[in-house]
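Spelled out from the first residue to the last, the chains are:
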Amino acid sequence: MAISVQEKFSIPYGKQTINQSDIDKVVEILNGPLITTGPQVMKFEEALSRYTGANYAVAVSNGTAALHLASLALLEEGDKVLTTPNSFLATSNAILYVKAKPIFVDICEDGNIDLDLCEQYLQKDPTIKAIYGVHFSGNLLDQTHLKALKNRYKVMILEDCAHSIGAENLGVKAGSCAFSDCAIFSFHPVKNMTTGEGGAITTNSKELYEKLLVLRNHGMVRKSDVAPWYYEMHTLGFNYRLTDIQAALGISQLSRLDKFLEKRRAIVKRYHRLLEETPVKPLYAFDEGSA
């Protein structure tokens, strides 16, 4: 019987790295009193803030939820947003979720959105509200250029860091929001670290942070001075919470993220060396700062 090529050789879409420490952390939560949103979520957020250098982090149920909430916080209906067609559909869908308008900008040779073209769009149309830039394949956008656009045009900037946790460019770490309003992460198993499903938003704005917390939890605002169980609904929000089970896995994974990146970089270096004398060329030259 003939064997198909697929049966002979198959590369999985993605494969998470789970060790006994990850399992033990999750089991500890499963044996405890709280398995939904509890203290582990806050600990995970604090760990993300420390790792990225951002002032605040909001953990959510997945990367798409992170994009949706960030869009609700940044945009209004009808706003024009420059973004890249070279991304998972969630990046531009989040703009559509809030009835804003995505404007696709061509990409550079490294797969990232062309910031020079973004500037041309901004010069022609001062009503453009935001730029949603994706750090494609772990390779950060030029942070100096991002800073210049932010300062010159007063445009809102969201960094989609789904591919790039741990990456650095010119001393700026992915998700630090040094030159952006917020950044989002995905912790799907195909990414550099995982919580099963899960995502996060980082920001340096206290106002944005507080708004995101409310949006993540049904739009509810608790009034503990009235009674411990009393709350009011101030806006239409969503159930985009992360569980303590996922957060415990995230804390464990984040503690090993630099080791994961070290292994990825070693593999990339090997590919570059082996492909050097062939017609096959990598998307961009090896960059020690890429994730």
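For the structure itself, look to the data block above.
A quick note: this is a predicted structure, and the numbers were derived from the prediction, not measured.

Chemist: Can you walk me through the packing of helix H4 (residues 63-74) against helix H8 (residues 206-216) in this structure?
Modeler: Axes are the key here: two packed helices are described by the angle between their axes and the distance separating the axes. The contact between H4 and H8 brings their axes to 10 Å, and the two run at 125°. It follows from the interaxial angle that H4 and H8 lie oblique. By crossing handedness, the relation of H4 to H8 is classed as right-handed. Between H4, through Leu-69, Ala-70, Leu-72, Ala-73 and Leu-74, and H8, the contact on the second element is made entirely by Leu-208, Lys-211, Leu-212, Leu-215 and Arg-216. Looking at the contact of H4 with H8 residue by residue, the class counts come to eight nonpolar, no polar and two charged.

Chemist: In this structure, what is going on with the state of the cysteines? I would like to understand it.
Modeler: What we call a disulfide is simply a covalent bond connecting the sulfur atoms of a pair of cysteines. Following the criterion strictly, the structure yields zero disulfides and no others. Cys-161 takes part in no disulfide bond, and the closest cysteine sulfur, belonging to Cys-177, lies 7.3 Å away. Residue Cys-161 is classed as buried on the basis of its relative accessible area of 0%. Left unpaired, Cys-182 is separated from the closest cysteine sulfur, that of Cys-177, by 6.4 Å.

Chemist: Can you help me understand the side chain of Thr-52 in this one?
Modeler: Relative to the helices and strands, Thr-52 is located in helix H3 (residues 39-52). Within the local environment of Thr-52, its side chain forms a polar contact with the backbone oxygen of Leu-48, the two atoms lying 2.9 Å apart. Of the polar contacts made by the side chain of Thr-52, one reaches the backbone nitrogen of Ala-54; its length is 3.2 Å. The contacts of Thr-52, once residues within four sequence positions are left out, are Lys-173, Ala-174, Gly-175, Ser-176, Phe-185 and Thr-202.

Chemist: Please explain the pattern of salt bridges as it appears in this structure.
Modeler: Two side chains of opposite charge can pair, provided their charged atoms sit close to one another. Counted under the stated rule, the structure contains seven salt bridges. Across the pair Glu-45 and Arg-216 runs a salt bridge whose closest N-O atoms are separated by 2.7 Å. Here Glu-45, found in helix H3, pairs with Arg-216, found in helix H8; they are 171 residues apart in sequence, far enough to count as distant. Across the pair, Arg-216 and Glu-45 agree in class, each one buried. Asp-79 serves as the salt-bridge partner of Lys-129, at 3.1 Å between the closest nitrogen and oxygen. Placement of Lys-129 in strand E4 (residues 128-134) and of Asp-79 in the loop between H4 and strand E2 (80-83) is noted, with a sequence separation of 50 residues between them.

Chemist: Is there a simple way to explain the nonpolar core in this structure?
Modeler: As a rule of thumb, nonpolar side chains are buried together in soluble globular proteins. Ranked by internal contacts, the top residues of the largest apolar core, which has 26 residues, are Leu-75, Tyr-132 and Leu-158. At seven residues, the largest contribution of residues to this core is made by H4. Ignoring any residue separated from it by four or fewer positions in sequence, one finds Leu-158 in contact with Leu-67, Ala-70, Leu-74, Ile-131, Tyr-132, Gly-133, Cys-182 and Ile-184.

Chemist: Any chance you could explain the pairing of strand E8 (residues 182-186) here in plain terms?
Modeler: Successive side chains on a regular strand alternate, one facing one side of the sheet and the next facing the other. Burial analysis of E8 places five of its five residues in the buried class, the great majority of the element. Bridge analysis of strand E5 (residues 156-160) against E8 gives three bridges, and the strand direction is parallel. Along E8, the bridge assignment pairs Glu-159 with Ala-183. By the bridge criterion, four bridges tie E8 to strand E9 (residues 199-203) in an arrangement that is antiparallel. Bridge pairing in E9 places Ile-184 opposite Ile-201.

Chemist: Please explain the environment of Leu-117 as it appears in this structure.
Modeler: Note on placement: Leu-117 falls in helix H6 (residues 115-124). Residue classification places Leu-117 among the partly exposed positions, given a relative accessible area of 25%. Separated by 55 residues in sequence, Leu-117 and Val-172 have C-alpha atoms that sit 23 Å apart.

Chemist: Looking at this model, I keep getting lost on the packing of aromatic side chains. Mind explaining?
Modeler: Two numbers describe a pair of aromatic rings. These are the distance of the centres and the angle of the planes. Summed over the entire model, instances satisfying the criterion amount to five aromatic pairs. Ring plane angle 65° and centroid distance 6.3 Å describe the contact between Trp-229 and Tyr-230, whose orientation is recorded as edge-to-face. With relative accessibility at 27%, the residue Tyr-230 sits in the partly exposed group. Residues Phe-238 and Tyr-240 carry aromatic rings whose centres are separated by 5.2 Å and whose planes lie at 10° to one another, so their mutual orientation is stacked. Taken together, the ring pairs in this structure connect Phe-44, Phe-185 and Phe-187 into an aromatic cluster. Lying across the ring of Tyr-51, Lys-173 places its NZ or CZ 3.9 Å from the centre.

Chemist: I keep staring at the sheet that holds strand E1 (residues 56-60) and nothing clicks. Help me out?
Modeler: Strand pairing within a sheet occurs via backbone hydrogen bonds; the two strands may be parallel or antiparallel. The strand order across the open sheet formed by seven strands is E1-E9-E8-E5-E4-E2-E3, and the pairing between neighbours is mixed. The strands lining the two open edges of the sheet, one partner per strand, are E1 and strand E3 (101-104). Direction aside, the axes of adjacent strands within the sheet are offset by 20° on average. Here E2 runs beside E4; their pairing, made up of four bridges, is parallel. Among the inter-strand pairings, Lys-80 is bridged to a residue of E4, identified as Ile-128. Packing of H4 onto the sheet brings it into contact with E1, E4, E5, E8 and E9, and relative to E8 it is tilted by some 165°. Lying over the sheet, helix H7 (residues 143-153) contacts E4 and E5, oriented at roughly 155° with respect to E5.

Thresholds, definitions, all that
- Residues numbered from 1 in each chain as written.
- Predicted model: local features only at pLDDT ≥ 70, side-chain atom pairs only at ≥ 80, totals over all residues.
- Heavy atoms only, no water.
- Axes fitted to C-alpha atoms, helices over the stretch in contact; angles between N-to-C directions.
- Helix = DSSP H or I, 4+ residues; strand = E, 2+ residues; numbered from the N terminus.
- Parallel < 35°, antiparallel > 145°, perpendicular 65-115°, else oblique.
- Left-handed = near helix turned anticlockwise from the far one by under 90°.
- Contact = heavy atoms within 4.5 Å.
- Nonpolar A, V, L, I, M, F, W, Y, C, P; charged D, E, K, R; others polar.
- Disulfide = S-S within 2.5 Å.
- Buried < 20%, exposed > 50% of the residue type's maximum accessible area, 1.4 Å probe, protein only.
- Polar contact = N/O pair within 3.5 Å; in protein donor to acceptor, adjacent residues only side chain to side chain.
- Salt bridge = Lys/Arg side-chain N within 4 Å of Asp/Glu carboxyl O.
- Core = buried A, V, L, I, M, F, W, Y, C linked by side-chain atoms within 4.5 Å.
- Pairing = 2+ DSSP bridges.
- Phe/Tyr/Trp six-rings, centres within 6.5 Å; stacked < 30°, edge-to-face > 60°.
- Lys NZ or Arg CZ within 6 Å of the ring centre and 35° of its normal.

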